[in-house]
Amino acid sequence: MLATEGLWFSYQQTPVLKAVTLDFSRQPVTGLVGANGCGKSTLFMHLSGILRPQQGAVLWQGKALDYSKRGLLALRQQVATVFQDPDQQIFYTDIDSDIAFSLRNLGVAEAEIARRVDDALTLVDAQAFRHQPIQCLSHGQKKRVALAGALVMQAQYLLLDEPTAGLDPGGRAQMIKLIARIVAQGNHVVISSHDIDLIYEVCDVVHVLRHGEVLSSGELTAVFAHKALLDEAGLAQPWLMKLHSELGWPLCKSEDEFFARMRALPVKEA
């Protein structure tokens, strides 16, 4: 269980998180949305133990997080973060060494490291460029390497910060498939993103933050149907929701589903 309870945090006496109570264990994929400065990044840093609440708590496995060296090490083996900019977490020039870094720090046997690295690279479709130098990779390929570096930990929770930022349409579609694969393995994923269409397509539940407070939480169609609430949070509706609410077209979860249903509609004669 990964959750927060009445979490407060301020920078220089300016509240950034205000009594945030959220449970990230209830659904496989949770979305966090909000305008810049709403507290998403600060919340992520609390969930990974980088920051410590000034009031309230981060709950891990039903108990308040232990901030000792041992407690944080245990947390970070089960809660892994993938940053928006992959260059922030890639340190080696060769891919295998970078992905194996955390496992070697933990003293994992080399045979097990080799197996996990190979499995992670396969999962993120990176085998084809595995032996290329990091500096020769595209932004999207670096994102996959960073994701593989988190997956080798076999963490229960993956925190993805803007996973589609900087990706072209093909890379974005591939990232959506990768998230589905990760969830299919029984992991929980928490996504912080400005990509509202991504959140709508891949998440099971969404939390809307505004000025450090939880403005709304719940199932996606219920939350995103409230245009006035989204306007208040500085957000727009997903385009599929707009088509439904403004034109009365079928409400679909993905672009593929939408076009499949549109093709199935009877053709009106002129």
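Residues numbered from 1 in each chain as written. Predicted model: local features only at pLDDT ≥ 70, side-chain atom pairs only at ≥ 80, totals over all residues. Heavy atoms only, no water.

As a further point, take the sheet that holds strand S3 (residues 29-33). Pairing within the open sheet is mixed, and its six strands lie in the order S6-S7-S8-S3-S9-S10. One side of each edge strand has no neighbouring strand; the edge strands of this open sheet are strand S6 (79-82) and strand S10 (213-219). On average, each strand axis in the sheet is tilted by 15 degrees relative to the strand beside it, whichever way the strands run. Note: S6 against strand S7 (residues 157-161), four bridges, orientation parallel. Looking at the pairing, Ala 80 lines up with Leu 158 of S7. The strands touched by helix H6 (residues 169-184) are S3, S7 and strand S8 (188-192); relative to S8, the strand with the most contacts, the crossing angle is about 145 degrees. (Pairing = 2+ DSSP bridges. Helix = DSSP H or I, 4+ residues; strand = E, 2+ residues; numbered from the N terminus. Axes fitted to C-alpha atoms, helices over the stretch in contact; angles between N-to-C directions. Contact = heavy atoms within 4.5 Å.)

Let us look at the sheet that holds strand S2 (residues 14-23). Across the sheet, which stays open at both edges, the four strands sit in the order S2-S1-S4-S5 with antiparallel pairing between neighbours. Whereas interior strands pair on both sides, the edge strands pair on one side only; in this sheet they are S2 and strand S5 (63-64). Of the pairings in the sheet, the one linking strand S4 (residues 55-60) to S5 comprises two bridges and is antiparallel in character. Residue pairing in the sheet places Trp 60 in a bridge with Lys 63 of S5. Contacts from helix H1 (residues 40-47) reach strand S1 (2-11), S2 and S4 within the one sheet, and its direction differs from that of S1 by about 120 degrees.

The sheet contact formed by S1 and S2 spans six bridges and is antiparallel. When the sheet's bridge partners are listed, Leu 7 is paired in S2 with Val 20.

With that settled, consider the packing of helix H5 (residues 139-151) against H6. Between H5 and H6, whose axes approach to 12 Å, the crossing angle comes to 10 degrees. One element, H5, and the other, H6, form an angle in the roughly parallel class. The residues of H6 that touch H5, namely those facing Lys 143, Arg 144, Leu 147 and Leu 151, are Gln 174, Met 175, Leu 178 and Ile 182. For the contact of H5 with H6, the residue count by class is five nonpolar, one polar and two charged. (Parallel < 35°, antiparallel > 145°, perpendicular 65-115°, else oblique. Nonpolar A, V, L, I, M, F, W, Y, C, P; charged D, E, K, R; others polar.)

Right, let's talk about unusual backbone geometry for a bit. Its identity as a non-glycine residue notwithstanding, Gln 61 has a phi of 55 degrees, on the positive side. Here Gln 61 is to be found in the loop between S4 and S5.

Right, let's get into the environment of Ala 111. Turning to its location among the elements, Ala 111 is positioned in helix H4 (residues 110-123). Looking at Ala 111, the relative accessible area reads 64%, which means it is exposed. Here the alpha-carbon distance between Ala 111 and Glu 255, two residues 144 residues apart in the chain, equals 42 Å. (Buried < 20%, exposed > 50% of the residue type's maximum accessible area, 1.4 Å probe, protein only.)

Judged by nonpolar contacts, the single largest core of 58 residues is most densely connected at Leu 147, Leu 158, Ile 191 and Phe 224. With six residues, the single largest contributor to this core is H5. Residues in contact with Leu 147, not counting those within four places in the same chain, are Val 82, Val 124, Leu 158, Leu 160, Met 175, Leu 178 and Ile 182. Val 20, Leu 32, Tyr 67 and Leu 159 belong to the second-largest nonpolar core, a separate cluster that totals 24 residues. (Core = buried A, V, L, I, M, F, W, Y, C linked by side-chain atoms within 4.5 Å.)

What follows deals with the pairing of S8. Side-chain direction in a regular strand flips from residue to residue, so the side chains alternate between the two faces of the sheet. The element S8 is largely enclosed, with a buried count of five among its five residues. Neither face of S8 is open: one carries His 188, Val 190 and Ser 192, the other Val 189 and Ile 191, and all of them are buried. Here four bridges tie S3 to S8, and the two strands are oriented parallel to one another. When the bridges of S8 are listed, Leu 32 appears paired with Ser 192. Judged from the five bridges that link them, S7 and S8 form a sheet pairing that is parallel.

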